[in-house]
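These are the residues of each chain, in order.
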Amino acid sequence: MAYTATIELVPASTWETVTLEQCKQLLEQFRDIARKTGEQLAWDYAESAFPYDIVTKEDRIVLVGKSDRYYMIECRVHERAVEFVLPKRATHGDKGKANELCKFFAKQMAGKLHLFNGRVMYYYKR
């Protein structure tokens, strides 16, 4: 069974709709932030903070793990929502990184985040 976390856009969100290209830009921004942190620490933090290759398919983005600790995360885009899906073979590392990415996306979009465990986090002014 796959696990799913969803970020919904609400009327108070900063974004009107979500596109695949916007999600790819957010992933690149996340990777760039990790790279800059690594430069400040004089350590290759980017490889640890984002251990995935980004593969863009026509209807989703697939993050493929570069090491044994990480398998895969899928990012599916809908008009007013983004889903992060962990496949059946996902590792604990994938789940932790997916949680981190979900929170980053929700903060940037000012959306409503439904986590993998069913809890809800609000990143917009209510």
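Okay, so let's go over this structure. Owing to the predicted nature of the structure, the values given are computational and were not obtained by experimental measurement.

**A few points about the pairing of strand β5 (residues 81-86)**
At step 1: For β5, a buried count of six out of six residues is recorded, marking the element as mostly surrounded by other parts of the structure.
At step 2: By the alternation rule, side chains of β5 split into Ala81, Glu83 and Val85 and Val82, Phe84 and Leu86, which are all buried.
At step 3: In this structure, strand β1 (residues 3-8) lies alongside β5, joined through six bridges in antiparallel fashion. Pairing of glutamate 8 across the sheet is with alanine 81, part of β5.
At step 4: As defined by bridge partners, strand β4 (residues 72-78) adjoins β5 across five bridges and the pair is classed as antiparallel. Considered in β5, the bridge of cysteine 75 is made with phenylalanine 84.
At step 5: The hairpin formed by β4 and β5 contains two residues between the paired strands.

**Notes on the packing of helix α1 (residues 20-41) against helix α3 (residues 92-109)**
At step 1: Relative to each other, α1 and α3 sit at 115°, their axes nearing to 11 Å. Between α1 and α3, the angle falls in the class roughly perpendicular. Crossing of α1 against α3: the hand is right-handed. Judged by residue contacts, Cys23, Leu26, Leu27, Gln29, Phe30 and Ile33 of α1 engage Glu100, Leu101, Phe104, Phe105, Gln108 and Met109 from α3.

Criteria and thresholds
Residues numbered from 1 in each chain as written. Predicted model: local features only at pLDDT ≥ 70, side-chain atom pairs only at ≥ 80, totals over all residues. Heavy atoms only, no water. Buried < 20%, exposed > 50% of the residue type's maximum accessible area, 1.4 Å probe, protein only. Helix = DSSP H or I, 4+ residues; strand = E, 2+ residues; numbered from the N terminus. Pairing = 2+ DSSP bridges. Axes fitted to C-alpha atoms, helices over the stretch in contact; angles between N-to-C directions. Parallel < 35°, antiparallel > 145°, perpendicular 65-115°, else oblique. Left-handed = near helix turned anticlockwise from the far one by under 90°. Contact = heavy atoms within 4.5 Å.

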